[in-house]
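For reference, the chains in residue letters:
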Amino acid sequence: VVDKVEVENGNTALREVVLHRGGAWIALKDSDGKYFMVKQYRYAHGTEMLEFCAGKIEKGETPDETIVRETQEELGYTAKNIKSFGYIIPTCGYSMEKIYLYYGEVDKKVNQHFDEDEYMEVGKYSFSEIKEMIKTNKITDAKTISIMYQLELNGIEWI
């Protein structure tokens, strides 16, 4: 939407706002101590990006429900010991989007099934490998970087 607003000095300005239901991301840890990540093409940036498992919150769905659904769809697992890290606001200047961040551990194998418009490669990486990819700018996704920071802040992983 584009709104006409009055700014602090009394002038008017246009403000564009992207209306978005938000999304949920999870750092899912396997029994070998590695984290599942997905590589997928991101059209807006014209490149493949490596990220933690994620998805948009569907209408009528809670972030908790979204993360359960997406973990099964994209990774083919259920999760246990799920911990919520709250949410981040990735682009406060023009979007309403909130991204909810989670940690979980692999529970049971289930059928993986991508949406019709999705294609992604799933891989597993150690915490230190992910940190190195962030350090060398191979991972630039802010959501993934935020979850990594939360893993350290919450004592799940250490520097």
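As the structure is a prediction and not an experimental result, all values here were calculated from the model.

(A) Fine view of the overall build of the protein. Within the protein, the secondary structure is distributed over 3 helices and 9 strands. When the elements of the protein are put in sequence order from the N terminus, they spell out β-β-β-β-β-β-α-β-β-β-α-α. The buried share of the protein, reckoned over its 159 residues, is 40%. Considering only contacts in the protein between residues 6 or more positions apart, those separated by 24 or more positions represent 64%. Working note: accessible area of the protein is about 9700 Å², and carbon and sulfur atoms make up 49% of it. The centroid of the 20 positive side-chain charges in the protein is displaced by 3 Å from the centroid of its 28 negative side-chain charges.

(B) Structural context of the pairing of strand S8 (residues 99–109). Of the strand pairs in this sheet, strand S3 (residues 23–29) and S8 are connected by 7 bridges, and their pairing is parallel. The residue bridging Leu28 from the neighbouring strand is Gly104, located in S8. Judged from the 7 bridges that link them, strand S7 (residues 77–88) and S8 form a sheet pairing that is antiparallel. Bridge pairing links Ile88 to Ile99 in S8.

(C) Molecular detail of the pairing of strand S5 (residues 47–51). One ladder, built from 5 bridges, connects strand S4 (residues 35–42) with S5; its direction is antiparallel. Looking at S5, one finds that Val38 is bridged to Glu51. Hairpin connection, S4 to S5: the antiparallel pair is bridged by 4 residues, and Gly46 has positive phi, about 65 degrees.

(D) Structural context of helix H3 (residues 142–153). Across its 12 residues, H3 extends 16 Å between first and last C-alpha, which sits within 8% of the 16 Å expected from 1.5 Å per residue. Listed as buried for H3 are Lys143, Thr144, Ile147, Met148, Gln150 and Leu151. All buried residues of H3 lie within an arc of 160 degrees about the axis, which places them on one face of the element. In H3, the exposed positions that point more than 90 degrees away from the buried face belong to Tyr149 and Leu153. Along its buried surface, H3 packs onto S3, S4, S5, S7, S8 and helix H2 (127–135). Phi turns positive one or two residues past the end of H3, at Gly155, with a value near 70 degrees.

(E) The arrangement of the packing of aromatic side chains in detail. Summed over all chains, the structure comprises 3 aromatic pairs. Its guanidinium or amino end placed over the ring of Tyr77, Lys109 lies 4.7 Å from that ring's centre, counting from NZ or CZ.

(F) Spotlight on the environment of Val18. Structurally, the position occupied by Val18 is in the loop between strand S2 (12–16) and S3. Using a relative accessible area of 39% as the deciding quantity, one classes Val18 as partly exposed. When the C-alpha positions of Val18 and Ser95 are compared, they lie 4.5 Å apart, and in sequence the two are 77 residues distant. Not counting residues up to four positions away in its chain, the partners in contact with Val18 are Tyr94, Ser95 and Met96.

(G) Representation of the side chain of Glu74 within the structure. Within the fold, Glu74 resides in helix H1 (residues 63–75). Of the side chains with opposite charge, Arg42 comes closest to the buried, unpaired Glu74, at an N-O distance of 6.9 Å. Among the polar contacts listed, one links the side chain of Glu74 to the backbone nitrogen of Ala54, at a separation of 3.3 Å. Those residues in contact with Glu74 that sit more than four places away from it in its chain are Val38, Cys53, Ala54, Gln112, Phe114, Glu118, Met120 and Val122.

Cut-offs and rules
Counting from 1, residues in each chain are numbered in the order their sequence is written. Whole-chain, interface and lining totals are the exception, using all residues; otherwise, since this is a predicted model, local features are given only for residues with pLDDT of at least 70 and side-chain atom pairs are given and counted only at 80 or more. Side-chain measures were taken over the full set of non-hydrogen atoms in the model, leaving aside hydrogen atoms and water. Every helix listed is a DSSP run of H or I at least four residues long, and every strand listed is a run of E at least two residues long, numbered separately from the N terminus. Throughout, exposure labels follow a simple rule: accessible area from a 1.4 Å probe, protein chains only, divided by the maximum for the residue type, with under 20% read as buried, over 50% as exposed, and the rest as partly exposed. A contact between two residues is defined here by any heavy atoms of the two lying within 4.5 Å. Surface accessibility in these figures is a Shrake-Rupley result with a 1.4 Å probe; residues are shielded only by whichever protein chains are displayed. In this tally Asp and Glu are treated as negative and Lys and Arg as positive; neither His nor the chain ends contributes. By convention, the charge on Lys lies at NZ, on Arg at CZ, on Asp at CG and on Glu at CD. Two strands are counted as paired when DSSP detects at least two bridges linking them. Expected span of a helix, by definition, is 1.5 Å for each gap between consecutive residues, and there is one gap fewer than residues. Taking the helix axis as origin, the arc is that swept by the directions to the C-beta atoms. Each pair of aromatic rings taken from Phe, Tyr and Trp, with Trp reduced to its six-membered ring, is defined by centres within 6.5 Å and is described as stacked if the planes are under 30 degrees apart, edge-to-face if over 60, and tilted in the remaining cases. Charges are assigned to positions over rings by a cutoff of 6 Å between ring centre and Lys NZ or Arg CZ, combined with an angular limit of 35 degrees from the ring normal. When a carboxyl oxygen of Asp or Glu lies within 4 Å of a side-chain nitrogen of Lys or Arg, that pair is called a salt bridge. Two N or O atoms form a polar contact when they lie within 3.5 Å of each other; inside protein one atom must be a possible hydrogen donor and the other a possible acceptor, and for residues adjacent in sequence the pair counts only when both atoms belong to side chains.

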